[in-house]
Amino acid sequence: MADPLVETKLLQPSPRRDVVARPRLADMLERASGSPVTLVSAPAGFGKTSLLAAWMSTGGDSPAGEHPVAWVSLDGQDRQATSFWSYVLLALDRAVPGSGAAALTLLRSGQAPVEAVLAGVVNELSVQSGDVTLVLDDYHLADSVDVAAGMTFLLDHMPPQLRLVISTRADPALPLPRLRARGELLEVRASDLRFTGDEVASYLNDLHGFGLTVADIASLETRTEGWVAALQLAAISLRDRDDQSAFIAGFAGDDRFVVDYLADEVLSRQPDDVRRFLLDTSILARLTGPLCDAVRPPSENAGDARSGKAMLERLDRANLFLVPLDGRRTWYRYHHLFGDVLQSHLLEERPGDVPELHRRAADWYAAAGQVEAAVSHALEGDDLERAANLIESSFRALGRERREDLLSRWAHRLPDDVLRERPVLAIALIGGLMASNQFDGVDRRLDHVEKLLTKPAADLVVVDPDELARVPAEVEMYRAALALLGGDPPDAIARAQHAIDVAVDGDDLAVGAAAALSGLASWSTGDITAAHASYARAIPALTRAGHIADVLGCSIAMADMELRLGRLRDAEQTFAHALGLAEANTPPGASVMRGTADMLVGLSRMAWYRNDLVASAEHLRRSDELGEAASLPQNPYRWRVGMARLRAAEGDLAAALELLDEADRVYVGDYSPNVQPVHASRARVLAASGDLVGARAWARDHGVAVDDELSYFREYEHITLARVLLAEHAATGSSESLDAAVALLGRLLAAATDGGRVGSVIELEVLRATAYDATGDRGAALEALRHAVDLAETDGWVRVFVDAASALTPLLRELVTTQPRSGYVHELLDAVMASNAATDVTRGAGSETAPSPESAAPLEPRVGLVDPLSDRELDVLRLLGSDLDGPAIARQLVVSLNTVRTHTKHIYTKLGVNNRRAAISRAHQLGLPTRSGAR
């Protein structure tokens, strides 16, 4: 979003120089402070943008005088919900840092509905200490069904800190009647914006110094009906006229006639070079000097005084309907109404020049690397071949930048005739549609591409001949994706392999993508050995192709498989290698690559399995410090699960449960199977804390039973059930629970062994050792433990043994006597005994938490706050971790909303954060209580 063209959409327009004081409108807008929503609705030319720009810039009682403003200038491209909300969230985050970053990441992932995205930003804003005004200018250009759905949600859940201002030519499809009925809507209409007689006199006589008579003023007011655009045009036309009264008497008619008449007058009175400049540049949505130079013929740019920059400055000084878009006055746009008039004159006078003007604009944008604008101008100029060439030349780069949404949009704009002989372009657009989850008609498009591939290459239109050779592999790759989506993994695997087989040498992207698809398909069948082999092939290929973001996602999946296969060292190396890639490939203009934080969370998990809790905590701290900009959408929940492991290891099971509740609340899935669900992790902590009723309720609610048919996908849940049964036996002495646990563990072990899931076998054998020991079968217990130790020693697994500390101590001591030279067994015994000692300390301290089988030596002392939180701030902090918004928190604490906002501001300052999510993360690191009783 660093493109200068895009940036101008987020800049608040500078106030016009020729502004007349209008106290009645100022008084009306002052009342907006009591209304959450302000609607400025009037036809073109009524000064809506100018009014709001002046209001936002004057200070005092204006929003700018009290709180930040998030301004978005909308256009037709924003009718797509993703584009619309991307700009809105970015604008809000710039106005209130930390308020929209996480929501923006979630939106761009495409893995959550807009309502879930907006709920996040609403909750962030609801506890901010200050207000923010969101201005949506030219909303009519973006008004669509998809946008309206999100806007309605926002209106229904607006936090008190947010004021919404909508400027539009037509009333939007929003619940305005409901807002009116509630007294939550301030409306500024055309009747309000029309100039009164006094305002016309002030504008023409005081501001412009025309000295018109009262009769002339009255005539102008009557003939223009106070229409601002017409008065501005009249002011320009009246300059240097000796026959002002005659001129005023010379026009009449409706609004459209008035503006046409006056625009003709304005244009006819301009020097030829200015008139030519106005018409030439009228095709541009936004103007800057170099762009204007590129669009005009070279002969018109001769001399510094006629350069685009000089001409724009000249028009700005002359108040010729030029709206500055930035404070430096380098980017402008024409007033919409005047721009429409200019385009009408251009089409009427020089229709043959329009395509060439658009072509030159397309060339300039293409050279500037702004493909979206370049293609737009090519399409507007009806130069479909140029548009096709631009798309075909840039689709690889757009894919690396995750801009497939553009390709999907263009797929709907380009007619089939353009694709008739263009297989490379056709497959590029298919890729955009697939990435945007638009699968309808893709089969037909693939059929078309396959038919084209039967033709001689000389009969096809291709920008880069090398790309043509890559098309067959991409066809098979997309066929594989459709097969997987259709629930046919074997066909997906076969087609993915065919894609790899037909890929040309050096086509790393096709090989990498197809291998990843094959891996995902194998994973979906439970064959993680085959899935791992495919991902191992995908990662180096995608790395060579420069798709590092995809490499990071694949690395998470591959490490998960390596853990299940028992290969802890390989999983650790996978994350370390991916972290190095992320750090070495930070995109230009960014401080960190998205996904870097996820790699640190992965390394934290590896350290936890080795029982290096200090290193595990440090990785989580570094991940949290990088923030949302470095995170994939799944990282918030993964981070909380990781922190929950650490809190459970300390024996603080209440904090672990809080974190897992939060993880479940912020959970966002991806295409990988969810083989370790948060709810099952929570059940393990419940069992460890002695809450067997809650643990049993989990099994019932999620349909987990001892006689289920076993599968890899629910293995973690069934192992969790075995832990619950063992905890029941330990607490109640129930032989029925113990027998059920032994039987279930035996079945699980057989399944995991058959599947080659060594990591699962290690955990199961540890649990079987404790179960057999409970039955009195010491020999079977030692045999199971010895098998677990043998499998775990190579990679250094420790935590899985510590989790069963109290039960394993006598068994490990006996194992040491049979393997006295085994340093690893001694290491395990030391770790288990340290955990037992820590548990004894916790008990002696009178902990309210039941002793935990996951406890271990305490982490290093947590660093305290220089300025500790007060008791009331701690109360607010606990509720910040819930789903409650600001008003609900205030009701819960029986205080005013302002009090909650003040406490929140103090909390953020003391913790060194700027949003709720960061506050809760920091609190967990510091060991502060975040448990909320209200959910």
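Residues numbered from 1 in each chain as written. Predicted model: local features only at pLDDT ≥ 70, side-chain atom pairs only at ≥ 80, totals over all residues. Heavy atoms only, no water.

Colleague: It is not clear to me how the sheet that holds strand 4 (residues 162-168) should be interpreted in this structure. Could you clarify?
Modeller: Taken in spatial order, the 5 strands make up an open sheet running 2-3-4-1-5, and their pairing is parallel. Looking at which strands have only one partner, the edges of the open sheet turn out to be strand 2 (69-73) and strand 5 (185-189). Neighbour-to-neighbour, the strand axes of the sheet open up by a mean angle of 15°, direction not taken into account. Sheet topology places strand 1 (residues 37-41) next to strand 4; 5 bridges connect them, and they run parallel. In the strand pairing of strand 4, threonine 38 is matched with valine 165. Where helix 5 (residues 81-95) meets the sheet, it contacts strand 2, strand 3 (132-137) and strand 4, and its direction lies at approximately 155° from that of strand 2. (Pairing = 2+ DSSP bridges. Helix = DSSP H or I, 4+ residues; strand = E, 2+ residues; numbered from the N terminus. Axes fitted to C-alpha atoms, helices over the stretch in contact; angles between N-to-C directions. Contact = heavy atoms within 4.5 Å.)

Colleague: When you look at empty space enclosed by the protein in this model, what are you seeing that I'm missing?
Modeller: Where empty space is left becomes clear once a probe the size of a water molecule has been rolled over the atoms. In this structure the tally under the stated criterion is 6 cavities of 30 Å³ or more. What the largest cavity holds in volume is close to 190 Å³. Along its surface, the largest cavity is lined by 20 residues, and Lys48, Thr49, Ser50, Arg333 and His335 are the ones closest to its centre. Contributing elements (two or more residues each) for the lining of the largest cavity: helix 3 (48-57) and strand 6 (322-324). (1 Å grid on protein atoms, 1.4 Å probe; cavity = no way out; pocket = protein on both sides within 12 Å on 5 of 7 lines; lining within 4 Å. Points joined across faces, edges and corners; volume = space filled by probe spheres on them.)

Colleague: Sorry, what's going on with the packing of helix 5 against helix 8 (residues 145-156) here?
Modeller: When two helices pack together, their arrangement is given by the angle between the helix axes and by the axis-to-axis distance. One way to put it is that helix 5 packs onto helix 8 with a least axis distance of 8 Å and a crossing angle of 40°. On the basis of the axis angle, helix 5 is oblique to helix 8. On helix 8, the residues that touch Ala81, Phe84 and Trp85 of helix 5 are Asp146, Val147, Gly150, Met151 and Leu154. The residue makeup of the contact of helix 5 with helix 8, split by class, is 6 nonpolar, 1 polar and 1 charged. (Parallel < 35°, antiparallel > 145°, perpendicular 65-115°, else oblique. Nonpolar A, V, L, I, M, F, W, Y, C, P; charged D, E, K, R; others polar.)

Colleague: What should I look at first to understand the packing of aromatic side chains in this one?
Modeller: Given two aromatic rings, one states the distance between the centres and the angle between the planes to describe the pair. On inspection of all chains with the given rule, the structure shows 10 aromatic pairs. Both rings, one in phenylalanine 84 and one in tyrosine 139, keep their centres 6.2 Å apart while their planes meet at 85°; by these two values the pair is edge-to-face. Taken as a pair, phenylalanine 84 in helix 5 and tyrosine 139 in the loop between strand 3 and helix 8 lie far apart in primary sequence, 55 residues in all. A cation sits over an aromatic face here: arginine 645 above tryptophan 608, 5.6 Å from the ring centre. In this arrangement the basic side chain of arginine 684 is found over the ring face of tyrosine 716, its NZ or CZ atom lying 4.0 Å from the centre. (Phe/Tyr/Trp six-rings, centres within 6.5 Å; stacked < 30°, edge-to-face > 60°. Lys NZ or Arg CZ within 6 Å of the ring centre and 35° of its normal.)

Any functional reading would require information beyond the geometric quantities listed.
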